[in-house]
Each structure stands twice: as C-alpha cells, then as structure tokens.
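For reference, the chains in residue letters:
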Amino acid sequence: MVLRIVIGLVLTAAAAVVAARRLRWLYRLGRTGQPAPERIEAVREHPARDAETQASEVFGQRKLLKWSVPGVAHFLTFWGFIILLLTIIEAYGDLFSRTFAIPGIGHWAWVGFLEDLFAVGVLVGIATFTVIRLRNSPEREGRESRFSGSHTGAAWLVLFLIFLVIATLLIYRGAQINTGVFPYAHGAFASQIVGHWLHPLGTGVNSVLEVVFILAQLAVILGFGVFVTYSKHLHIAIAPLNVLFSRRPNGLGALQPMRSGGKVLDFEEADPDTDIFGRGKIEDFTWKGMLDMATCTECGRCQSQCPAWATGKPLSPKMLILDLRDHAFAKAPYLLAGTDEAREKLPDAVKAEAGRPIVGDSSVNGVIDPDVLWSCTNCGACVEECPVDIEHIDHISDLRRHQVLIESAFPTEASSMLKNLENKGDPWGMGEARRLEWAEGLDFEVPVVDGPIGDDVEYLFWVGCAGALEDRARKTTRAIAELLHTAGVSFAVLGPAETCTGDPARRIGNEFVFSMLAQQNVETLNEAGARKIVASCPHCFNTLANEYPQLGGNYEVIHHTQLLARLVEEGKLTPVTPVEEKITYHDPCFLGRHNRIFTAPREIMEQVPGVRAQEMHRCKERGFCCGAGGARMWMEERIGKRINTERIDEALGTNPDTISTGCPYCLVMLGDAVSAKKSSGEAKDSLEVVDVAQLLARSVRTPVPADGSGAGGTRSEPEPG
Ligand code: SF4
Ligand code: SF4
C-alpha cells in the first residue's frame, strides 16, 4: 500500500514539475508578444456572449461537428475525457484506499454506466481517427491530404496514449470487480466484461493486476499530460482560452486597425523607429497571435478549404501558422534571454533563428516565403473552418502591412493600383469625371448628392469603382438603378464625390492609403448625412458596414441583393418574364462567408420564373473563391492553376446556361475564365456570367411582343455608357 502511494505521488510530482516548467516557459514566451488590451476589454464587456460561445464552440463542439464523422469522433473523445475526470479522482483515491468511492456519488450505478459509456465512446472515437488518418494520410493523398505538413508522428503517439488510458482504466476496473472492491455494483458494463475475461486468473492475480494497472493508469495519464504541453495537443488546455479571446462573431468581415503597443496607430504621430508597423518580427505579434500559433491542432481543415492551396500555390494557412509557431519556439531562448550579454552566449543555431527575416525567400531563409504571403485572397475559408478560431487573415494582413509600409516589398504589378488610388481615387486611374458614365442613356435621371441628403431620398446608392468604371460591372449598376426606379425606391448617388472605399489598399497592406481614402469617404458621407446605404460591391459593403465604424462612419448598409429580395417580397418588383435557364450561383466570399448573406441572392433567383437553380458542390459557407479578394485582383497569378479557372471548372460541372453572382470582382474573374473556356471550346458560346440583379431586371421587364409593336419591352439589356 505504502509503496503504491509513494510511486503514485512521485510520478505525479515529477509530471507536475515537468509540465509546470513547460507551461511557465510558454507563458513567458506569450508575454514577449505585444499587448492586446482590446481582447481583454471585449471579454469584460460581453461575459454572457462569451459564455454562450464557450458553451457552443468548446462544449458543444459546434465547428468540429460541421465535419460529421471526425466531428462526432472528436465529440466522443472530448466528452469522454471530461466524464473520465471522475475516474482519475477514483484512481488517486484507490491509491490510498482500495475501497475508495467518490463521496456522495461513488456508488451510483448510473455514474459507473456513464464512465464506461464514455470510455467506450473514446475507443470508438480513436478507432475512427485511426481510419481517417490511414485513409487520408499524406503518403496516400499527397498534397490533397489535409494532414500533409502536420506532425503525424505525434498524432499517432497521442492516439496510442489515449488507447492506453482507456485500456489501463478498464483493466484495473475489471480486476477490482474480481477482488470485490469495485465501487459500482451495476451499470459499469464495459468493466464487467473485462472483469469477466480476467476472472479465470483468480483473486490473487487480479489483486496484483488491480495495483499494477492503477499505477499504469496514472502513469499513462501523467505522461499524456506532460506530452500535451510539448505537442500540438496543447490545444486541449488552451483552445478554450483562444476561443474566449478571439474576435466575435469571428475573425471575418472587418480587418482590425493597425495597433502598436496595444494602441491604434495614428499615422500623423506614428514613429517608424519606435512604433510597430504590422509584423516585422515574431515578437511584433500580440500575445493573442502567439496563442493562436500555440493552439493550432494541425487538423488541416483550413488547408483543405484554401483556394490557394487547392490550386497548387505554396500557401497553406495551416503551414503558415505552424511555420510562425516553429519559429517562435526556436527563437524563444533569444526572446527570453533578457539581456544582450545573455543573448551573446546563446548557441549559434538560436542566434541564426533570431536573425531570420519573418518574410523572405529561401535565399535569405525567411520564415514565410513571399509567394505564400501574397497568394492569399482573404477568402476567409480558413477562418470559417478553424475549430479553435485562429485568425489567419489578421496575421496575413499584419505581415503584409509591414512588407508594404516598411520594406516596400510587394508584387510590383500592384503598385499602379496603389498609385491610382492615391492620385485618382480608383484602382484603374480613370478619375472622378467618369464616375457617372454608367448612368448615360437611362430613361430616368439618377439624382446626384449635392449637399445634405434630403428626407425624400431613402438610400444612398454606393456604386463602387468597378460598378462605375468597369464595363461588365456597369451593367449590374444600371440594372440595380432601373430596378430601384421601377420599384419606386428613392435613391441618390455621390457621383464624382465617391472614391474607392480603400478595400484593395487595406487588403494589400497599405493601411496608409486606406486611411486616407476611408477618412475622405467618411467625411463626405457624414457631411451628406448618409444614413442608409445600398452597396452593389461586397467589398465596398464590407468596408462601409464593418470597417468605417473604426473611423467614425456608422451607417445602415445593405447589399443590393438584400434590398432587391425585399422589394420582390413586398410586391414592389414582380418578375414576370420567364428566364428558362439552368443557373448556378457563385457565392462571393465577402458577401457570403464574411457577411453571412447567403439567402437573398438565392431568393431572387427562386422568384424568377423559369430559372432552374443548381448549386455547385462548394457553396454557401464552403463557397470557393473567384481569386480576386485580398487585392489579388491586382496581382499576377503565376503559380499553379488559376483560381477562377478552378471555380469555372466546378461551375461547368453543373452544365449551366448562366452563372450568377453578386459581386463585380467575381463577375470579372469568372467572366474572364468563361471567355478562356469558350476559346478552348470547353464552354458553350451562350454561357454568360451575370449578377442576380441583371437576372431580375430581365424578368421584371415586360417581354417585347413578337411583332415588336406595343408598349412592352421598353428597355433592352443595358449597355455601358
Ligand atoms: S483567406 Fe482564403 S486564401 Fe487566404 S489563407 Fe485563408 S483560405 Fe487561403
Ligand atoms: S489553423 Fe485551425 S483549421 Fe488550420 S490546422 Fe490549425 S487548428 Fe486546424
């Protein structure tokens, strides 16, 4: 008895010391990150919301369950470990008394049943994980495997350790049944089965097994606990914290303002020598950024959904986080050394790690390759999928900000876009004078805001640069204007006073140009007294609705598909002319994933008579990017398959007559891919890419009589002015 107590306590003390040292080291490393007071403030301000998030995401495993089979397996394992905390108490109690039972509940049959039920559940869970890992192994699937690049050896070891936890548990409980000290008379069905198997060995052997396997159970649990602190399974302990301090509702939508030392950076007062501009080294990340890195479970869900990775580019959101984490851990002795003298004494390998540029190609041994950094379309698929709420886009944007603002290192082809934004207020450099050309030839006048917006104007129509200046997008703009006019909705536009919202500048990392444009627009909008804005571009929508509040611009912003769907529902627009076509709808990332507008465009399509809607496999939350976001529209796509081609290949799989969407960027990207497919004979000549507003406009118009007479068909498909 004394010996087993001594062994049990010595094992516990040794494991506690090793784990505590590691956790202290991790904590100190996290403290080398920048402050993030806004995260703590948000938790203080919204305790009820955060409690609900913990309940749904941590205890309810909401995001994990989106992947049904691995989700259920994880659910069983997670809850198994929660319930089996009772058995750990019992194992420690058994060290001191063979007849130990948890006070109050230790003899209730249902407790024994529950423990065994979840023990079996964990076995089912790890068996499922084993099959998944074998079927989806990088050796079998190569780059397609979501585990490609993950530390698979550690994952197998953990599965084996979990198996040992359950195996030792059931063996010592089975032996206890045979020695007559098991606390549960009924209910513990799995333990009883094992007890039945062990029964022929006799009471003496079972007494030995009981002691040996109680100690083995504790040793495995303690070993597992220590291993967790040194592996990706650290997420068991810190994922709830990461979820707690993550942005709500998620890391999508708005980009965060640039912060230095925990404060929002003011460009007029910022000093490049003392302030932090984006992330130029690992210690420029906040403690929350470091927590993200340490929490990654290496599950590869993000990687499996990333359009860049799917089309052969070097960017994997998982590998980006892991590379940052590995670098942070390798540089940790340098960061924690405290003094220059102590740093001098560090091994050369640590000093070399400390000297690695955070972004740089193989010639300079950079942590993140520039091709990785600039491949991101900001589509948000990674953030959407991540079960532990890692904020990939924020990290990518912060890395880009440093490269653009301090290093002036970004794809050169994007520099004309930035110059045009600065000098002309739009990415093409066409200038304010051409912002109303789209309205030429309309048979009604489009009011232009000149001074405060009157009470008779319900909506300010934010046309956007593409909507005003790009030929294909102008058709959408005209269709929206016509539909609003037909429905009797009073609206006005800013015309020459509108400039780019700044989205492409912000997404490429040029926060300076973004602030300049955004401040100008907020000033214009506030002076005009804008309250309700309808935007046709999801990127403008996202910036106006989610980012301008950071600069004092607070408006009620609606996307044109939402407004049009409502007008149809209210009977103010009546689609009458059949559009006898099979149509597949492409979800724009900044409308769908970033802003959760999935149903309005589909509702419009449903209301158009004759339309046969056919979803692509990757749709709604899992929609696949067109390749334009994250300022990728303004960069060359030199590596791998083009993302727009991949998307169109998927669309062609539905054999559509038309592809619809709700974004001018998507319209252009998908239109280009369709043109290429037509040239190569892979798509029929009649295949079109249209905005749902164009589709609705076609149906709302009265059909032209066959002889061309009469009052019907007063408007033909609008052409750009
Ligand atoms: S935002 Fe999209 S493109 Fe960028 S890393 Fe995430 S999934 Fe990949
Ligand atoms: S970042 Fe999130 S989704 Fe990607 S591997 Fe890590 S835990 Fe999984």
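Quick summary incoming for the structure in this document. The structure presented is a predicted model; accordingly, all values stated were derived computationally and were not measured.

### Some points on helix 25 (residues 511-528)
Reasoning step 1: Under the 1.5 Å per step criterion, the end-to-end length of helix 25 is 25 Å for 18 residues, consistent within 8% with the ideal 26 Å.
Reasoning step 2: Within the sequence span of helix 25, burial applies to Glu-511, Val-513, Phe-514, Ser-515, Leu-517, Ala-518, Asn-521, Val-522, Leu-525 and Ala-528.
Reasoning step 3: Downstream of helix 25 by a residue or two, Gly-529 has a phi angle that is positive, lying close to 70°.

### Overview of empty space enclosed by the protein
Reasoning step 1: Enumeration according to the criterion identifies 11 cavities of 30 Å³ or more in this entry.
Reasoning step 2: Approximately 250 Å³ is the volume found for the largest cavity.
Reasoning step 3: What lines the largest cavity is a set of 20 residues, and nearest its centre among them are Arg-39, Gln-256, Arg-279, Asp-394 and Asp-398.
Reasoning step 4: Listing elements by their share of the lining of the largest cavity, those giving two or more residues are helix 2 (37-45), helix 12 (287-295) and helix 20 (392-405).
Reasoning step 5: It is helix 20 that provides the largest number of residues to the lining of the largest cavity, a total of five residues.
Reasoning step 6: For the lining of the largest cavity, a count of residues per class yields five nonpolar, six polar and nine charged.

### Some remarks on the site of ligand 1
Reasoning step 1: Taken together, 13 residues lie around ligand 1, and Cys-306, Cys-376, Cys-379, Gly-380 and Cys-382 are the ones closest in.
Reasoning step 2: Every element with two or more residues in the shell around ligand 1 is listed here: helix 19 (381-385) and helix 20.
Reasoning step 3: A class-by-class count of the residues in the shell around ligand 1 yields 10 nonpolar, three polar and no charged.

### Quick word on the environment of Met-635
Reasoning step 1: Looking at the secondary structure, you find Met-635 in the loop between strand 8 (612-613) and helix 29 (643-652).
Reasoning step 2: Between the alpha carbons of Met-635 and Ser-375 there is a distance of 9.2 Å; along the sequence they are 260 residues apart.
Reasoning step 3: Setting aside anything within four residues of it in sequence, one finds Met-635 in contact with Trp-374, Arg-400, Pro-411, Glu-413, Ala-414, Ile-508 and Gly-630.

### Here's the deal with the sheet that holds strand 8
Reasoning step 1: The sheet built from four strands is open, its strands ordered 8-7-9-10 with parallel pairing. Pairing within the sheet leaves two strands with one partner each, and these edge strands are strand 8 and strand 10 (688-691).

### Section: the side chain of Asp-389
Reasoning step 1: Following the sequence through the fold, Asp-389 ends up in the loop between helix 19 and helix 20.
Reasoning step 2: In this structure Asp-389 comes out as buried when scored by relative accessible area, which is 7%.
Reasoning step 3: Leave out the neighbours within four places in its chain, and Asp-389 touches Glu-57, Lys-63, Asn-242, Val-243, Ser-246, Arg-248, Lys-288 and Asp-292.

### Looking at the site of ligand 2
Reasoning step 1: Taken together, 13 residues lie around ligand 2, and Cys-296, Cys-299, Cys-302, Cys-386 and His-392 are the ones closest in.
Reasoning step 2: A breakdown of the residues in the shell around ligand 2 according to their chemical character gives seven nonpolar, three polar and three charged.

### Description of the packing of helix 12 against helix 15 (residues 317-336)
Reasoning step 1: Two elements in contact, helix 12 and helix 15, have axes whose closest approach is 8 Å; the angle formed by their N-to-C orientations is 105°. Comparing the axis directions of helix 12 and helix 15 gives the class roughly perpendicular. Touching Asp-292, Met-293 and Ala-294 of helix 12 are Ile-321, Leu-324 and Arg-325, all from helix 15.
Reasoning step 2: Among the residues making up the contact of helix 12 with helix 15, the classes are represented as four nonpolar, no polar and two charged.

### Section: the pairing of strand 10
Reasoning step 1: Pairing analysis gives four bridges linking strand 9 (residues 658-661) to strand 10, with the strands arranged parallel. Counterpart to Ile-659 in the pairing with strand 10 is Val-689.
Reasoning step 2: One crossover worth recording links strand 9 to the parallel strand 10 by way of helix 30 (residues 664-679), and it is right-handed.

### A word on the state of the cysteines
Reasoning step 1: Under the defined criterion, the tally for this structure stands at zero disulfides.
Reasoning step 2: Cys-500 provides the cysteine sulfur closest to Cys-465, a residue in no disulfide bond, and the two sulfurs are 4.2 Å apart.

### Quick word on the environment of Glu-210
Reasoning step 1: Turning to its location among the elements, Glu-210 is positioned in helix 10 (residues 202-229).
Reasoning step 2: In this structure, the C-alpha to C-alpha distance between Glu-210 and Gln-176, residues 34 residues apart in sequence, is 6.0 Å.
Reasoning step 3: Ignoring anything within four residues of it in the chain, the contact list for Glu-210 reads Arg-4, Arg-98, Tyr-172, Ala-175, Gln-176, Thr-179 and Val-181.

### Overview of helix 20
Reasoning step 1: If you check helix 20, its first and last C-alpha atoms are 20 Å apart, about what 14 residues at 1.5 Å a residue would give, namely 20 Å.
Reasoning step 2: With 13 of 14 residues buried, helix 20 lies mostly within the body of the structure.

### Some remarks on the packing of helix 23 (residues 471-487) against helix 30
Reasoning step 1: At a minimum axis distance of 9 Å, the contact between helix 23 and helix 30 shows a crossing angle of 135°. It follows that helix 23 is oblique to helix 30 by the angle criterion. For the crossing formed where helix 23 meets helix 30, the hand is right-handed. Contact residues: Arg-472, Ala-473 and Thr-476 in helix 23; Pro-664, Leu-667, Val-668, Gly-671 and Asp-672 in helix 30.

### Examining a nonpolar patch on the surface
Reasoning step 1: Taken together, the side chains of Val-2, Val-6 and Val-10 present a nonpolar region at the surface, about 270 Å² in accessible area.
Reasoning step 2: Mapped onto the elements of the fold, Val-6 is located in helix 1 (residues 2-31).

### So, the packing of aromatic side chains
Reasoning step 1: One pass over the structure, following the stated rule, counts 14 aromatic pairs.
Reasoning step 2: Between the aromatic rings of Trp-108 and Trp-110, the centroid separation amounts to 5.7 Å while the plane-to-plane angle is 40°, which identifies the pairing as tilted.
Reasoning step 3: Consider the rings of Phe-113 and Phe-189, whose centres lie 5.6 Å apart with planes at 45°: the pair is tilted. Remark: Phe-189 occurs in helix 9 (residues 189-198) and Phe-113 occurs in helix 6 (residues 109-135); sequence separation between them is 76 residues.
Reasoning step 4: A relative accessible area of 30% means that Phe-189 is categorised as partly exposed.
Reasoning step 5: Among the aromatic side chains, those forming a connected cluster through ring pairs are Phe-59, Phe-78 and Trp-79.
Reasoning step 6: The positively charged end of Arg-143 is found above the aromatic ring belonging to Trp-309, 3.7 Å away from the centroid.

### A short note on the side chain of Thr-477
Reasoning step 1: Relative to the helices and strands, Thr-477 is located in helix 23.
Reasoning step 2: When its relative accessible area of 1% is taken as the criterion, Thr-477 is described as buried.
Reasoning step 3: Sequence-distant contacts of Thr-477, that is, excluding residues within four places in its chain, are made with Trp-438, Phe-461, Val-463, Gly-467 and Ala-468.

Calculation criteria
Residues numbered from 1 in each chain as written. Chains lettered and ligands numbered in written order. Predicted model: local features only at pLDDT ≥ 70, side-chain atom pairs only at ≥ 80, totals over all residues. Heavy atoms only, no water. Helix = DSSP H or I, 4+ residues; strand = E, 2+ residues; numbered from the N terminus. Expected span 1.5 Å × (residues − 1). Buried < 20%, exposed > 50% of the residue type's maximum accessible area, 1.4 Å probe, protein only. 1 Å grid on protein atoms, 1.4 Å probe; cavity = no way out; pocket = protein on both sides within 12 Å on 5 of 7 lines; lining within 4 Å. Points joined across faces, edges and corners; volume = space filled by probe spheres on them. Nonpolar A, V, L, I, M, F, W, Y, C, P; charged D, E, K, R; others polar. Near = heavy atom within 4 Å. Contact = heavy atoms within 4.5 Å. Pairing = 2+ DSSP bridges. Axes fitted to C-alpha atoms, helices over the stretch in contact; angles between N-to-C directions. Parallel < 35°, antiparallel > 145°, perpendicular 65-115°, else oblique. Right-handed = clockwise from strand over helix to strand, strands pointing away. Disulfide = S-S within 2.5 Å. Left-handed = near helix turned anticlockwise from the far one by under 90°. Patch = residues over 30% accessible without salt bridge, like charges linked within 9 Å, V, L, I, M, F, W, Y side chains within 5 Å. Areas by Shrake-Rupley, 256 points an atom, 1.4 Å probe, with all protein chains shown as cover. Salt bridge = Lys/Arg side-chain N within 4 Å of Asp/Glu carboxyl O. Phe/Tyr/Trp six-rings, centres within 6.5 Å; stacked < 30°, edge-to-face > 60°. Lys NZ or Arg CZ within 6 Å of the ring centre and 35° of its normal.

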